[in-house]
Amino acid sequence: MDLNNFTIHELRDKLRKKEISSEELVNRYFKRIEKVEGKVESYITLTKEEALKKAKEVDEKLAKGEELGDLAGIPVAVKDNIVTEGVKTTCGSKMLENFVPPYDATVTKKLKDEDAIILGKTNLDEFAMGSSTENSAFKTTKNPWDLSRVPGGSSGGSAAAVVSDEAVYALGSSTGGSIRQPAAFCGIVGLKPTYGLVSRYGLVAFASSLDQIGPMTKDVEDCAIVLNNIAGYDKMDSTSVNREKVDYTKALKEGVKGLKIALPKEYFDDRIDSRVKDKIYDAVKVLEGLGAEVSEVSLPHSEYALSTYYIIAPAEASSNLARFDGVRYGYRTENYNSIDELFIKTRSEGFGEEVKRRIMVGTYCLSSGYYDAYYKRAQKVRTLIKKDFEDVFKKYDVIISPTTPTLPFKIGEKKEDPISMYLSDILTVSINLAGVPALSMPCGYIDGLPVGMQIIGKAFDESTILKTAYAYEQNSNYEKKTPEIK
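Residues numbered from 1 in each chain as written. Predicted model: local features only at pLDDT ≥ 70, side-chain atom pairs only at ≥ 80, totals over all residues. Heavy atoms only, no water.

**Overview of a nonpolar patch on the surface**
So, step 1. A grouping of V327, I339, F343 and I344 is seen on the molecular surface, where their side chains present a nonpolar patch of about 340 Å² in accessible area.
So, step 2. Following the sequence through the fold, F343 ends up in helix α10 (residues 339–350). (Patch = residues over 30% accessible without salt bridge, like charges linked within 9 Å, V, L, I, M, F, W, Y side chains within 5 Å. Areas by Shrake-Rupley, 256 points an atom, 1.4 Å probe, with all protein chains shown as cover. Salt bridge = Lys/Arg side-chain N within 4 Å of Asp/Glu carboxyl O. Helix = DSSP H or I, 4+ residues; strand = E, 2+ residues; numbered from the N terminus.)

**Structural notes on the packing of helix α9 (residues 305–320) against helix α11 (residues 353–366)**
So, step 1. Their axes nearest at 7 Å, the elements α9 and α11 cross at an angle of 100°. Classified by the angle between their axes, α9 and α11 sit roughly perpendicular to one another. In this structure, α9 uses Y310, I311, P314, A315 and S318 to contact α11, whose residues at the interface are R358, I359, V361, G362, T363, C365 and L366.
So, step 2. Considering only residue class, the contact of α9 with α11 consists of eight nonpolar, three polar and one charged. (Axes fitted to C-alpha atoms, helices over the stretch in contact; angles between N-to-C directions. Parallel < 35°, antiparallel > 145°, perpendicular 65-115°, else oblique. Contact = heavy atoms within 4.5 Å. Nonpolar A, V, L, I, M, F, W, Y, C, P; charged D, E, K, R; others polar.)

**Side note on the pattern of salt bridges**
Here the idea is simple: oppositely charged side chains can pair when their charged atoms come close.
So, step 1. Enumeration over the complete set of coordinates arrives at 28 salt bridges.
So, step 2. Across the pair E293 and K260 runs a salt bridge, and its minimum N-O distance is 3.8 Å. Highlighted residues: E293 in strand β8 (residues 293–297) and K260 in strand β7 (residues 260–264), separated in sequence by 33 residues.
So, step 3. The closest approach of N and O atoms between E354 and R357, which form a salt bridge, is 2.3 Å. In this pair, E354 and R357 are both assigned in helix α11, three residues apart and thus about one turn of the helix distant.
So, step 4. We classify E354 as buried; its relative accessible area is 10%. (Buried < 20%, exposed > 50% of the residue type's maximum accessible area, 1.4 Å probe, protein only.)

**Some remarks on the packing of α9 against helix α12 (residues 372–392)**
So, step 1. Contact pair α9 / α12: the axes reach a minimum separation of 9 Å and the direction vectors enclose 125°. If you check the angle between α9 and α12, you find them oblique. In this structure, α9 meets α12 at a crossing whose hand is left-handed. In this structure, α9 uses A305, T308, I311, I312, A315 and E316 to contact α12, whose residues at the interface are Y374, Y375, A378, Q379, V381, R382 and I385.
So, step 2. Looking at the contact of α9 with α12 residue by residue, the classes come out as nine nonpolar, two polar and two charged. (Left-handed = near helix turned anticlockwise from the far one by under 90°.)

**Digging into the pairing of strand β5 (residues 189–192)**
So, step 1. Burial along β5 is two-sided: V189 and L191 facing one way and G190 and K192 facing the other are all buried.
So, step 2. Taken together, the two bridges between β5 and strand β6 (residues 212–217) define a ladder with antiparallel strand orientation. Pairing of V189 across the sheet is with T217, part of β6.
So, step 3. In terms of strand pairing, β5 meets strand β10 (residues 438–446) through three bridges, oriented antiparallel. (Pairing = 2+ DSSP bridges.)

**Considering the UniProt feature "active site" (unreviewed entry) in the protein**
So, step 1. Using the residue numbers shown here, the UniProt feature "active site" (unreviewed entry) corresponds to K79, S154 and S178. For the annotated residues, spread through 100 residues, the largest C-alpha to C-alpha distance comes to 11.1 Å, consistent with a single compact locus.
So, step 2. Tracing the chain through its elements places K79 in strand β2 (residues 75–79).
So, step 3. In this structure, K79 is in contact with K121, T122, L124, A128, S154, S155, S158, L171, G172, S173 and S178, ignoring residues within four places of it in sequence.
So, step 4. Once residues lying within four places of it in the same chain are set aside, the contact partners of S178 are K79, A128, G130, G153, S154, S155 and S173.
So, step 5. At 3.0 Å, the side chain of S178 forms a polar contact with the backbone nitrogen of S154. (UniProt positions renumbered as here; feature names shortened; annotations may be inferred. Polar contact = N/O pair within 3.5 Å; in protein donor to acceptor, adjacent residues only side chain to side chain.)

Okay, here's the thing in structure tokens:
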């Protein structure tokens, strides 16, 4: 049986009917990895032995007739900044090249408790700082649609693994768009949940007030299934919100009749490729045809979002990454004559260029004499950006926009121009600053490359985002494709 492109819900049903075994499924995925990984380079670490052992355990449970969850026996890839007990977690950095965590992140533990099969850890921009997965210390992941192009970042390895069928689904993390942007570039579904919905415990911190873990899947129903399993209160995370448990699959088929959709004019300006905008307008017409009501709105402080983000995120990064000093764990320089030299040489040798750049920017913004002018002012603007969303959501249910301003760009095209690279995130950073949820999903192709539509919702209203996405997915009229990796 050819198991290419099967979704979680399809494989779950086949496993329950005993049409396939988990061991067969896992072996098939490792065979696929063996075939294409040399070209795509999605993974940093593979865990074949542990995965097959777990698959056999799941098959034994199925043989006994035990009732298993939706993720049981199904292969997943985990971004390599989410800690995994006994398995290297490198963050794509020389600094943590040999770091083996003694515990699991909460989301990792939840996956294991549901008998999910972890195939390995995926490549990323170092410490999740980047938009192309070119900043990894180990390899550059390629976009399966065109191996000369980037898969997006920083969760590029996770996105590429899913679309190249090297995993059924994956976990990514988002600080300013690192789930949605690679999901758009790779033509899959990626959700950045509301801040506080999914535990950050065990996610190696980049910018703590912005980071969030989320699912990257082949379709919307899978996204809802994964969110069901990773969402929830966690006492180990002080920012985790204690809310009533929601089944996100229940709302999927409710339809969008009467749904009020807002199109922010600032997200459709001249910076956006006109062909990308046309694809979003076409998608919105589909939803309009299903009974949704569409209006143009304004998010007036959007123009300041990128500047605000690139003050707050580096500032928090400079604080969070101070722990990597060569003393406690991680990389340590071999030759030093004093404690100061140990710190300086360890950090100079262990961090890559982009991480150093952001540490220096962040330290400057937090330094005496500049804190008020930069960091404090950025936090005030962040409040205004958040209020813009709150004002729109008083009248509308969701906001729709392109996910990215352009199609996937060529490898190396923007690596030497940080500002150009940062502009890749102009449509996603506001959502992280505001803490609201947003999803990217494919809505067509241009020149054989996928285009992503972004659906933004009210805080903790992932159900409305998912039902909107599902309605479009089930009624979209573009021809769905899969990449041919040559």
